[in-house]
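Residue-level structure breakdown
In case you want the letters, here they are:
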Amino acid sequence: MKEAQMTIPHLFRCPISLDLFSDPVTLSTGQTYDRSSIEKWFAFGNLTCPVTMQKLHDPSLVPNHNLRHLIEQWRQMGHHFHPEYSTTIDPLLHLKRNIESPHSTLQDKLQTLEKIPVLMDETPSKTPFLLQIGFLSLFSQLLFGKLDREFDGKYADFEEKLLSCILKLVPFGEFQCLNMLKEESKLESFLVLFENGSGMMKQSLCRLVGAISSSPETRELCAMIGRNHRFLQGIDHLIQQNFETSEAGIEAISALCCLESNRENLVREGLINGLITYILNTETKERSSAGTAMATLEQIVGSERSGKEALIKDPRGVKAVVKMVFRVSDHGGSESALNSLIMVCYESLEAREKAIDAGVLTQLLLLLQSQCSCRIKSKARTLLKLLRSKWDEEQ
């Protein structure tokens, strides 16, 4: 038995029983245990992580499917791995211990974090091992796990690198790990970082929202973020005040629009005004996310009556959409602009008058003479006919 145990790779042993995992599950601390062992630990009244001794405010158990799959592979290969296995896994475990250890200096941890993205780029085959060892859960816990969170600039560089590693790992891992943000204290950490972090931190958190919105596993979390007043107001400020970081804000709004309930909240929180401001401010910018902003505006206008009303009510709203009908640089956003104008002009005399005053007829004629697609030209003709027929009816 002892000899058999010695052949079990360290990664495959439960830290409590020291036996081979049969049902590996991961805690919010990033540590993995066998389900039966950790449930017994909890049954005895323990509310801590046995390895780190951290108090668990979120005792949920997340199945570690990657590790289970690796153990199955190991079993199928006759309890043997390629000789290079230990030379691959041991250095990664060493990196993890450096980040976890309370004895490591902040500088040591920073240097370790800098190695992770390089490792993934230079040796992509090691990425699954990073996930199996629990790096994604560990990084998420370190970044969002602090209670009574206050922003401390001393750790800003460390936190930015943690988030960078999370964004690098998330596409390969289980999005369910991010559901820790549904816990009030961890969502508070997210908000404090967003409100007080650097421009880079804000952009990275916006990209994280994009990742959250892309997975069915985090749909409920996407809805929570989409109705959070502080986050939505922060996004609005980001878009209207800082063009360098506003593109990430536009991408976050676009991602949140995957849920209809979020679109209602975006209108309620005044984000249509932010989209309009962004579109108007991109006139002198060579590169921008104006097309994405226009597509997002179309999505909101198409599904929410309040969205149509907000667009028409804003003194600059229809003008901003007309501007997007034809742009010399590209036709990105033209189709969304045409669709939006067709929707609002069909029902509203005020919208039609504003569109004509903003020069929509000239924009449409320029678009029809351009090299745009046949579909876009067809929509341009549809809008021209709509404006003409409605004008005839009013005479």
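The structure presented is a predicted model; accordingly, all values stated were derived computationally and were not measured.

**Quick word on the overall build of the chain**
Along the chain, the regular secondary structure elements total 22 helices and 3 strands. By the burial criterion, 50% of the 395 residues in the chain qualify as buried. The long-range fraction of contacts in the chain, counting pairs at least 24 apart against all pairs at least 6 apart in sequence, stands at 67%. Approximately 19,400 Å² of the chain is accessible, and the part contributed by carbon and sulfur atoms is 51%.

**A look at the side chain of Ser204**
With respect to the helices and strands, Ser204 occurs in helix H10 (residues 199–213). The buried category is assigned to Ser204, whose relative accessible area is 8%. With near-sequence residues (within four places) excluded, Ser204 lies in contact with Leu163 and Leu167.

**With respect to the layout of surface pockets**
The calculated volume of the largest pocket comes to roughly 1,000 Å³. Listing elements by their share of the lining of the largest pocket, those giving two or more residues are helix H4 (84–100), helix H5 (106–122), helix H6 (127–133), helix H7 (135–144) and helix H8 (156–169). At 5 residues, the largest contribution of residues to the lining of the largest pocket is made by H4. Of the residues belonging to the lining of the largest pocket, the class tally is 19 nonpolar, 14 polar and 10 charged. When we break the lining of the largest pocket down by domain, the ones giving at least three residues each are domain 1 (1–81) and domain 2 (86–226).

**Points about the packing of aromatic side chains**
Taken as a whole and judged by the stated rule, the model has 4 aromatic pairs. Ring geometry for Phe144 versus Phe190: centroids 6.2 Å apart, planes at 40 degrees, classification tilted. Placement of the pair is Phe144 in helix H7 and Phe190 in helix H9 (residues 184–196), with a sequence separation of 46 residues. Note on Phe144: relative accessible area 1%, which makes it buried. With a relative accessible area of 1%, Phe190 lands in the buried category.

**Remarks on empty space enclosed by the protein**
Across all of its chains, the model carries 1 cavity of 30 Å³ or more by this definition. Approximately 170 Å³ is the volume attributed to the largest cavity. Around the largest cavity, the lining is made up of 13 residues, and of these Thr26, Leu131, Ser137, Glu174 and Cys177 lie nearest the centre. Mapped onto the lining of the largest cavity, the elements with two or more residues apiece are strand E3 (62–63), helix H3 (65–76) and H7. Residue classes in the lining of the largest cavity are distributed as 5 nonpolar, 7 polar and 1 charged. Split by domain, the residues of the lining of the largest cavity number at least three in each of domain 1 (1–81) and domain 2 (86–226).

**Looking at the pattern of salt bridges**
One pass over the structure, following the stated rule, counts 16 salt bridges. A salt bridge links Arg316 to Asp314, with the nearest nitrogen and oxygen atoms 3.5 Å apart.

**What to know about the packing of helix H15 (residues 271–281) against helix H16 (residues 290–303)**
For the pair H15 and H16, the least separation of the axes is 9 Å and the interaxial angle reads 150 degrees. In this view, H15 runs roughly antiparallel relative to H16, as classed from their interaxial angle. Note that H15 runs across H16; the crossing there is left-handed. Facing H15, whose interface residues are Ile272, Leu275, Tyr278 and Ile279, H16 presents Ala290, Ala293, Met294, Thr296, Leu297 and Ile300.

**Examining H10**
Taking 1.5 Å per residue as the helical rise, H10 with its 15 residues ought to reach 21 Å, and the 21 Å between its terminal C-alpha atoms agrees with that figure. Met201, Lys202, Ser204, Leu205, Cys206, Leu208, Val209, Ala211, Ile212 and Ser213 are the residues of H10 that are buried.

**A short note on the environment of Ala252**
You can see Ala252 is positioned in helix H13 (residues 243–256). Counting along the chain gives 43 residues from Ala252 to Val209, while the straight-line C-alpha distance between them is 6.0 Å. Those residues in contact with Ala252 that lie beyond four places of it in its chain are Cys206, Val209 and Ile235.

**Focus: the packing of H7 against H9**
With their axes 9 Å apart at the nearest point, H7 and H9 run at an angle of 70 degrees to one another. Between H7 and H9, the angle is such that the two are roughly perpendicular. Judged by residue contacts, Gln141, Leu143 and Phe144 of H7 engage Ser185, Lys186, Ser189, Phe190 and Leu193 from H9. The residue inventory of the contact of H7 with H9, partitioned by class, reads 4 nonpolar, 3 polar and 1 charged.

**Things to note about the nonpolar core**
Counting 115 residues, the largest nonpolar core has Phe139, Phe190 and Phe231 as its most contacted members. Beyond its immediate chain neighbours, meaning those up to four positions away, Phe231 contacts Phe190, Leu191, Phe194, Val209, Ile225 and Leu256.

**What about the sheet that holds E3?**
Taken in spatial order, the 3 strands make up an open sheet running E2-E1-E3, and their pairing is antiparallel. Every interior strand has two partners, whereas the edge strands, strand E2 (32–34) and E3, have only one. Relative to E2, strand E1 (residues 24–26) runs antiparallel, the two being bridged by 3 bridges. Pairing of Val25 across the sheet is with Tyr33, part of E2.

The rules behind each value
Residues numbered from 1 in each chain as written. Predicted model: local features only at pLDDT ≥ 70, side-chain atom pairs only at ≥ 80, totals over all residues. Heavy atoms only, no water. Helix = DSSP H or I, 4+ residues; strand = E, 2+ residues; numbered from the N terminus. Buried < 20%, exposed > 50% of the residue type's maximum accessible area, 1.4 Å probe, protein only. Contact = heavy atoms within 4.5 Å. Areas by Shrake-Rupley, 256 points an atom, 1.4 Å probe, with all protein chains shown as cover. 1 Å grid on protein atoms, 1.4 Å probe; cavity = no way out; pocket = protein on both sides within 12 Å on 5 of 7 lines; lining within 4 Å. Points joined across faces, edges and corners; volume = space filled by probe spheres on them. Nonpolar A, V, L, I, M, F, W, Y, C, P; charged D, E, K, R; others polar. Domains from an automatic or database assignment. Phe/Tyr/Trp six-rings, centres within 6.5 Å; stacked < 30°, edge-to-face > 60°. Salt bridge = Lys/Arg side-chain N within 4 Å of Asp/Glu carboxyl O. Axes fitted to C-alpha atoms, helices over the stretch in contact; angles between N-to-C directions. Parallel < 35°, antiparallel > 145°, perpendicular 65-115°, else oblique. Left-handed = near helix turned anticlockwise from the far one by under 90°. Expected span 1.5 Å × (residues − 1). Core = buried A, V, L, I, M, F, W, Y, C linked by side-chain atoms within 4.5 Å. Pairing = 2+ DSSP bridges.

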